[in-house]
Amino acid sequence: MYRYDEFDAALVRERVEEFRDQVARRASGALTEDQFKPLRLMNGVYLQLHAYMLRVAVPYGTMDSRQMRRLAHIARTYDKGYGHFTTRTNIQYNWPALTDLPAILEDLASVEMHAIQTSGNCIRNVTTDVFAGAADDEIEDPRPWCEILRQWSTIHPEFSFLPRKFKVAVIGGPNDRAAIRTHDVGLEIVGRDGNDTLFRVFVGGGQGRLPHIGKEIATDVRGTELLAYLTAILRAYNLLGRRDNIHKARIKILVESLGIEAFRAEVDRQFETLRDEDLRLPQAEVERIRAYFAPPAFETLDGSSGAFDRAVLADPDFARWNRNNVRRHRQPGYASAVISLKGLGEVPGDITDTQMEVVADLAERYSFDEVRAAYEQNLVLPHVKLDDLPSVWRALLAAGLATPNADLATDVIACPGLDYCSLANARSIPVAQALSKRLADLDYQERVGPVRINMSGCINACGHHHVGHIGVLGVDRKGEEYYQITVGGSPDEQAALGQIVGRSLPSEAVAPAIQRALDRYLEIREDGERFIDTVRRVGHEPFGEAIYEGLDAAV
Amino acid sequence: MRLFEHGEIGPQTRRLTASTPLDQVEAAASDGAPIMIEFEAFRDGRGFSLATILRERGFSGSLIATGDLLPDQARHLMRSGFDAVQLRPGDDPAAWRRMLEAFSVVYQPAFDAAVPAWTSRGKSLRRPSNAPPIDEGTTLGRRAAELNAALRDADPLTVLRTVLDPRQGLRVAALSSFGAEAAVLLDLLARAGPSTPVIFLETGQHFLQTLSYRTTLSKRLGLTDVRIVVPDAEERADLDPREDLWRTDPDACCDLRKVRPLARAAAGFDALITGRKRYQSGTRARLRVIEALDGKLRINPLANWSADRIATYRAERDLPGHPLADQGYASIGCWPCTRPIEDGEDSRAGRWSGVDKVECGIHLGRRRAAA
Ligand code: HEM
Ligand code: SF4
Ligand code: SF4
C-alpha cells in the first residue's frame, strides 16, 4: 500500500487549511454561495435534501485497517453510525454538520486520506479493478499507475476548472472489472516494453444523460509518456468541450460530435507541441511507487487446505458463501473474499461503524492488512489464506456481513435516490430492498447465476443503470415515482448500453417484473449461458415480453 | 505574480477573452506584445490552458489575467504562466496573497519554478551510498547480513530512514511496550516516519500508568498509527480463565498474551523495529542492528547506544519519562512480573525476578521459545 511521505502529508494538511480559509470567507460573505459551491465540491462537500454530505475518497479502492477504523470512528462520532460505499469507491457520510467538516478532514489526513476532488469539474478519484494485485489474469498491478495519476491530477493548475467532471479508470489486464469503457478515460495495461508499461486508451465513455461507451483512441501509449498523453487529451477537452449546456459538457459529447478520428488528430496535435520532457516521470519515481505495491509476503503453500475442505463438507452455509463470494487468487493457497454489503432487505452499500471495525480486524489479521472497496458497492479482503477462510466467514457471519450473494441477483447496485439526493426523481433504496426480499431464496439466486441489476434514482446514473444487465431508472411521471427498465447493458470488455423495454412501471411492479425476466431466462437459456449471454444471443425482446406479462407495455 | 488594481495597462496590450480560439490567441501573441486574457466566468478554465500553451510554445511577453476570478485560483493562474492579475474593485488582495502561498508542495510540473514532488523525492530519498543493493533473490539471512554490514555503525536515525525507504521494499512496523525507555526509540521513529505502525501488545496486565503514558507519548510525538493488539479472546478464556496464569506458568502466559498476538499482528510485515540495546542484559550483549528472526527482519536501531547516550538524547529532546521510571523501575512490563531494581543490577533484573526467565519469548525465535 502507498504510504504518505512528507510531501503528501504536507499537501493534505495545507488543503485542510485552505478549506478552512474558504469556509471563513463564505461565512464573512467574501465568497457568495455561487462562488463557494465549486470550492466545497472539490473538497467533497455536497448539499443534499436534508443535510450536508461528505464524500471521502478511497483512492483506487485500497485501504488498510487503520484507515477503515478511522472511517468507522467518523461514522460514529460525526454521523449516525454508518457510511455508504459508492460506485466510485468513495464513502459518503450523509449527516455531518458543516462545522465538523474541518475536524473530519483532519481526522482523515491523520490516516493519509482526504476528500480532495471527489466532486467538482476536475479529475476525480481514479478507480481500478478491486482484485488488483490478486487476480491471476493481470499483466501488471494497475495501482501504482493509479497512485501516479492521483498525485499528478491533485490540484492540477490547468485542469481544475474543466467543462465538467472527469473520471479515469485503470485496469491491469484484458478482463474489465472496473467498467473502464464508461469512463471519460479508460486505461488498460496491454503489455510491457522493457521496463515500460504499455496502455490502451479509451476516451469519451460516460453514463448520465446521453450515455456513451468509450472509444479506443490509442493502442500502445508508454507509461513514461502517459501523463503527457493525458495532458494532451485534457487540453483538447478543456479548450473545445462545451460550456454552454451542462448536459452536453462531458468529453463524451465532444468526442461524439467531432468523431473519434478528428478528436484523435486534435490530441495528437496537442501532444506534439507539449514539452513532454517535463512530464516524463523519472523511472526511479515509478519504481519507488511500484515498491509500495509489491506483493505481500505470501507463504509458499501447495494450494490445498484441510481446514478449508473440512469446513466446506461440514457446513453447507460456508460452502455456499465460498461458492458465491470467494474468488481465485494468483497465489496458491490464497483467495480473495467478497464482503457483500447487500444484506437481505438492507440499503446497498451501507455499512455500520461496528461492521467497519470487524472488517478492519479481519483485514489486519487475515489479509495482510488490506481491504478494498469494489465499485459494485461491496468490500473485498484481497489476500486470505484458504486455511483462514472458515474463520473469516464465521466472523463475517457474526457481524451480519456474510450474505452469500456476490454478483447474484440481489447484489444490486443502487444510488441514494430520493431518500437523500436533491437531484432524484424517485427513490431507489426501497425498490432495491423490495427486490432483495422478493429474490431472497438463495437456491433460486444460484440457479439464475451471475446477473448485474443496477438502479438509479434519476438519469445521472450514479447507480450505473445503463450498464446493468437489467437496469432500473427512476423517472417522474406527473409527480409520481415510476421506473423504467432496460435489458442488455454490460459494464465489461463487451460494454453495452441497456435497451429500454417499454413504458415505466410503478414501484411495486418492479420486483415482480424483474423476477419474470429472470424466470424467462431460466426457461430459454442454453447450457452454460449466463443471463447476459442469453440476452446477447436472443436480444432483449423475450425479456421485455416477460416484464410486461399481464401489464400494458405501450409507452 | 504581480497583483494590481487597474490602470497600468500599456496601450500595446492585447485584450482577449478566454473563449477566443487557440489559433487566434497564438496569432495575437506572435509579436511578443503583452496579452491580457479576460475570464468571463471563474468556472470557465479555458484561460489556464491558453496560458500554458502560449508559454510552452515560447511566448515570453507579459501575460495578464483579469475578469471573474477567485483568490482560490491565484496559484492556478501563476502556475499556468500568468505573471500578473488585474483585480477588480472590491477584490481583497490579502486573500489573493494568502491563497498564493497556501501550498508548499506541487505534484506536477507547470510553468512556474516550483519543483514537483517526484523530483524533490529523487533528491531527499537518495539511498545512503553504503546501503546494499536491493536484490529480491537473496534469502532473508543474507539480506539481514548485508543490511547489518552497511548499518552496523550507523546512527539510529539513518538506520530507521534506510529501512523505511520504500525502495527497500520492506513493510515495516515497530514494537513498543511504552515502557521506561520507549520514548527515545519512538521519538526517532516519529522523526523518520511518523505513520509507521507501532504495535503495542496489550496483555491486559499492564500498569495503568503505562496505558496513559502510551496515549500522551503518541500524541506528543505525532505517531499516527499505534496499534493495540490484544490476546485472542477464545484462547484467553481457554488457557487463562482466572487471569492468573502468570503465577503458575509465566512462559505460557507470555505465549498467550505476547507471542501469539504478536505473530498475528506482525503477519503483514517483513521487518520489526525494536528498542533493544546491548547494555540491557547479558542475553542481549551480542545484539546486532539487523537480525533475521522467524522469517522477518528485526531492526534494532539503538543496539549500539549506551545508557548514557540514551539519557543524553532524552534530555536533549526533552522527552517525557514513564511515570514509574522515577520510582526505580528500569524496565517495565506487566505489573505481576515487574519490580523495581536495586542499584548495580542489570536493567532487566526487575523482570520475572525469582523465576528462571529472562525474555518473554517475543525476541526469541519460535523454536527456542518452545524449547
Ligand atoms: C447524493 C448526491 C449525489 C449527487 C448530487 C450526484 C450527482 C451526479 C450527477 C449530476 C451526475 C451526472 C453527471 C453527468 O452526467 O455529467 C452523476 C453521475 C454519477 N454519479 Fe453521482 N451524485 C450523487 C451521489 C452519487 C453516489 C452515491 C454515487 C455512487 C453510488 C455516485 C456515482 C456516480 C456515477 C458512477 C455517475 C456516472 C458517471 C458518469 O456519468 O459517467 N453519485 N452524479
Ligand atoms: S442517480 Fe440521480 S438520484 Fe441517484 S444519486 Fe445520482 S443524482 Fe441522485
Ligand atoms: S509479563 Fe507476566 S503477566 Fe505479562 S504476559 Fe508475561 S507472564 Fe503474563
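Residues numbered from 1 in each chain as written. Chains lettered and ligands numbered in written order. Predicted model: local features only at pLDDT ≥ 70, side-chain atom pairs only at ≥ 80, totals over all residues. Heavy atoms only, no water.

Going by this rule: UniProt positions are given in the numbering used here, feature names are shortened, and annotations may be inferred rather than shown by experiment.
Under an unreviewed UniProt entry, the name given to chain B is Adenosine 5'-phosphosulfate reductase, and the source organism is Brevundimonas subvibrioides. What UniProt states about chain B under its Sequence similarities (unreviewed entry) heading is, verbatim, "Belongs to the PAPS reductase family. CysH subfamily."

Going by the annotation in an unreviewed UniProt entry, the name recorded for chain A is Sulfite reductase, with Brevundimonas subvibrioides given as the source organism.

## A closer look at the overall build of chain B
Condition: Where helices and strands are cited, they refer to DSSP runs of H or I of at least four residues and of E of at least two residues respectively, numbered from the N terminus. The criterion used for residue contact is that any of the two residues' heavy atoms lie within 4.5 Å. Reported accessibility uses the Shrake-Rupley method at a 1.4 Å probe radius. Residues are deemed covered only where the shown protein chains occlude them.
Regarding its fold elements, chain B presents 14 helices and 11 strands. If you take every contact in chain B between residues at least 6 apart in sequence, the share linking residues at least 24 apart comes to 66%. In the structure as shown, chain B presents an accessible area of about 16500 Å², 49% of it carried by carbon and sulfur atoms.

## Focus: the interface of chain B and chain A
To be explicit about the condition: Buried area is a sum: the accessible area each of two parts loses on coming together, probed at 1.4 Å, counted once for each and added. Take a side-chain nitrogen of Lys or Arg and a carboxyl oxygen of Asp or Glu: if they are within 4 Å of each other, that pair is a salt bridge. Counting of polar contacts relies on pairs of N or O atoms within 3.5 Å, with two restrictions inside protein: one atom must be capable of donating a hydrogen and the other of accepting it, and residues adjacent in sequence are counted only when both atoms are side-chain atoms. In this classification, Asp, Glu, Lys and Arg are treated as charged, Ala, Val, Leu, Ile, Met, Phe, Trp, Tyr, Cys and Pro as nonpolar, and every other residue, Gly included, as polar.
With 52 residues of chain B at the interface, the matching set in chain A holds 64 residues. Across the chain B/chain A interface, buried area totals approximately 5200 Å², and carbon plus sulfur atoms make up 55% of it. Considering only the side of chain B, the residues that lose the most area to chain A are Tyr107, Trp118 and Arg121 of chain B, jointly responsible for 15% of the buried surface there. Seen at the junction of chain B and chain A, the total is nine salt bridges. A salt bridge links Arg227 of chain B to Asp369 of chain A; the shortest N-O distance between them is 3.0 Å. The interface formed by chain B and chain A holds 22 residue pairs in polar contact (both at pLDDT 80 or more) in total. The set of elements that each furnish at least two residues to the side of chain B that touches chain A consists of helix H2 (46-56), helix H3 (74-80), helix H4 (93-100) and helix H5 (117-124) of chain B. Here the side of chain B that touches chain A takes seven residues from H2 of chain B, the largest share from any one element. When grouped by side-chain class, the residues that make up the side of chain B that touches chain A number 21 nonpolar, 14 polar and 17 charged.

## As for the packing of helix H1 (residues 6-28) of chain A against H4 of chain B
Here is the rule: Working convention: axes come from line fits to C-alpha atoms, limited for helices to the stretch in contact. Angles between N-to-C directions cover 0 to 180 degrees. The labels follow the angle: roughly parallel below 35 degrees, roughly antiparallel above 145, roughly perpendicular from 65 to 115, and oblique for the rest. Helix crossings are classified by the rotation of the near helix relative to the far one: an anticlockwise turn of less than a right angle makes the crossing left-handed, while a clockwise turn makes it right-handed.
Taken N-terminus to C-terminus, the directions of H1 of chain A and H4 of chain B make an angle of 165°; their axes are 11 Å apart at the nearest point. In this view, H1 of chain A runs roughly antiparallel relative to H4 of chain B, as classed from their interaxial angle. Here H1 of chain A and H4 of chain B pass one another in a crossing that is left-handed. Contacts between H1 of chain A and H4 of chain B involve Glu18, Asp21 and Arg25 of chain A on the former and, on the latter, Ala95, Arg98 and Met99 of chain B. Class assignment for the residues of the contact of H1 of chain A with H4 of chain B results in two nonpolar, no polar and four charged.

## As for the site of ligand 1
Residues and elements named next belong to chain A. Selection rule: Whether a residue is near a molecule or strand depends on its heavy atoms: if one lies within 4 Å, it is near.
Close to ligand 1 lie 24 residues, the nearest being Gln48, Lys165, Gln207, Arg250 and Cys462. At 2.7 Å, a side-chain N or O of Arg250 approaches an oxygen atom of ligand 1. Residue composition of the shell around ligand 1, grouped by class: seven nonpolar, 11 polar and six charged.

## Concerning the pairing of strand S4 (residues 63-67) of chain B
All names here are of chain B. Filter applied, for reference: Buried residues are those whose accessible area, probed at 1.4 Å on protein chains only, stays under 20% of the maximum for their type, while exposed residues exceed 50% and partly exposed ones sit between those limits. When DSSP finds two or more bridges between a pair of strands, those strands are recorded as paired. Orienting the strands away from the viewer, one traces the path from the first strand over the helix to the second; a clockwise path indicates a right-handed crossover.
The buried fraction of S4 is high, at five of five residues. Residues Leu63, Ala65 and Gly67 of S4 are buried on one face, and the alternating residues Ile64 and Thr66, pointing to the opposite face, are buried as well. Here five bridges tie strand S3 (residues 35-39) to S4, and the two strands are oriented parallel to one another. Within S4, the position partnered with Phe39 by the bridge is Gly67. On the question of chirality, the crossover connecting S3 to the parallel S4 by way of H2 is right-handed. In this structure, S4 lies alongside strand S5 (residues 84-86), joined through two bridges in parallel fashion. In the strand pairing of S5, Ile64 is matched with Ala84. At this point the chain moves from S4, through H3, to the parallel S5, and the crossover so formed is right-handed.

## Observations regarding the site of ligand 3
Residues and elements named next belong to chain B. In the vicinity of ligand 3 lie 10 residues, with Pro250, Cys253, Cys254, Cys334 and Cys337 positioned nearest. If you tally residues by element for the shell around ligand 3, the top one is helix H12 (residues 250-265), at five residues. The class makeup of the residues in the shell around ligand 3 is seven nonpolar, one polar and two charged.

## Digging into the sheet that holds strand S9 (residues 196-203) of chain A
As summarised here, the arrangement of the five strands in space is S6-S7-S8-S9-S10 (chain A), forming an open sheet in which the pairing is mixed. Of all the strands in the sheet, the pair left with one neighbour each is strand S6 (127-128) and strand S10 (215-222) of chain A.

## What about the UniProt feature "binding site: [4Fe-4S] cluster" (unreviewed entry) in chain B?
Residue and element names in this part refer to chain B. Annotation from UniProt places "binding site: [4Fe-4S] cluster" (unreviewed entry) at Cys253, Cys254, Cys334 and Cys337. These annotated residues cover 85 residues of sequence, and their C-alpha atoms lie no more than 10.9 Å from one another, placing them together at a single site. With respect to the helices and strands, the residue Cys253 is situated in helix H12. The exposure class assigned to Cys253 is buried, which follows from its relative accessible area of 7%. Apart from the residues within four sequence positions on either side, Cys253 is in contact with Leu245, Trp246 and Lys258.

## Structural notes on the sheet that holds strand S12 (residues 334-339) of chain A
Residues and elements named next belong to chain A. Within the open sheet, the five strands sit side by side as S3-S14-S15-S12-S11. Their pairing is antiparallel. Of all strands in the sheet, those with a lone pairing partner are strand S3 (62-63) and strand S11 (326-328), marking the two edges. Examined bridge by bridge, S3 and strand S14 (residues 371-373) share two bridges and lie antiparallel to one another. Bridge pairing in S14 links Met63 to Val371.

## Overview of the pattern of salt bridges
Tallied over the full model, the rule gives 82 salt bridges over all chains. Residue Asp5 of chain A is joined to Arg288 of chain A by a salt bridge in which the shortest nitrogen-to-oxygen separation is 3.8 Å. Note that Asp5 of chain A is positioned in the segment before H1 and Arg288 of chain A in helix H10 (residues 283-292), a separation of 283 residues in sequence. Judged by its relative accessible area of 14%, Asp5 of chain A is buried. In this structure, Glu235 of chain B and Arg264 of chain B form a salt bridge, with 3.5 Å as the shortest nitrogen-oxygen distance. Placement of the pair is Glu235 of chain B in helix H10 (residues 233-239) and Arg264 of chain B in helix H12, with a sequence separation of 29 residues.

## A word on the coordination of the iron atom of ligand 1
Four donors placed tetrahedrally about a metal ideally form angles of 109.5 degrees, and six donors placed octahedrally ideally form angles of 90 or 180 degrees. Applied cut-off: Sites may look incomplete, because water is not among the atoms used; the donor set itself consists of N, O and S atoms within 2.8 Å of the metal (3.2 Å for Na, K and Ca).
The protein gives the iron atom of ligand 1 a lone donor atom, Cys462 of chain A (SG), placed 2.1 Å from the metal. By the secondary structure assignment, Cys462 of chain A is in the loop between strand S17 (453-456) and strand S18 (470-477).

## Let's talk about the state of the cysteines
Keep this limit in mind: Whenever a pair of cysteine sulfur atoms sits within 2.5 Å, that pair is classed as a disulfide.
Applying the stated rule across the entire model yields zero disulfides over all chains. In this structure Cys122 of chain A is a free cysteine whose sulfur lies 15 Å from that of Cys462 of chain A, the closest cysteine sulfur available.

## Some remarks on the packing of helix H5 (residues 143-153) of chain A against helix H6 (residues 226-240) of chain A
Residue and element names in this part refer to chain A. Running from N to C, H5 and H6 point in directions that differ by 50°, and their axes come no closer than 11 Å. Viewed along their axes, H5 and H6 adopt a mutual orientation that is oblique. Regarding H5 and H6, the two cross each other, and that crossing is right-handed. Counting all contacts with H5, which are made through Trp145, Ile148, Leu149 and Trp152, the residues of H6 involved are Leu226, Leu227, Leu230, Thr231 and Leu234. Of the residues that constitute the contact of H5 with H6, the class distribution is eight nonpolar, one polar and no charged.

## Notes on the side chain of Gln445 of chain A
Residues and elements named next belong to chain A. Residue placement: Gln445 occurs in helix H16 (residues 442-448). The exposure class assigned to Gln445 is buried, which follows from its relative accessible area of 2%. Of note is the side chain of Gln445, whose polar atom sits 2.8 Å from the side chain of Thr410. If near-sequence neighbours (up to four positions away) are discounted, Gln445 is found in contact with Asn405, Leu408, Ala409, Thr410, Leu439 and Ala440.

## Brief notes about the packing of aromatic side chains
For clarity, the cut-off: Aromatic rings from Phe, Tyr and Trp, with only the six-membered ring used for Trp, were paired whenever their centres fell within 6.5 Å, and each pair was classed as stacked if the ring planes differed by under 30 degrees, edge-to-face if by over 60, and tilted otherwise. Ring-over charges, as used throughout, are those where CZ of Arg or NZ of Lys falls within 6 Å of the ring centre and within 35 degrees of the ring normal.
For the structure shown, the criterion picks out 20 aromatic pairs over all chains. Ring centres 5.4 Å apart and planes at 55° place the aromatic pair Phe39 of chain B and Phe48 of chain B in the tilted group. As far as burial versus exposure is concerned, Phe39 of chain B and Phe48 of chain B are alike and both buried. Look at Phe178 of chain B and Phe200 of chain B: their rings are 5.7 Å apart centre to centre, the planes differ by 75°, and that puts the pair in the edge-to-face class. Of the two residues, Phe178 of chain B sits in the loop between strand S6 (172-175) and helix H8 (182-192) while Phe200 of chain B sits in strand S7 (residues 198-201), which places them 22 residues apart along the sequence. The class for Phe178 of chain B is buried, based on a relative accessible area of 0%. The cationic tip of Lys80 of chain A hangs over the ring face of Trp95 of chain A; the distance from NZ or CZ to the ring centre is 3.7 Å.

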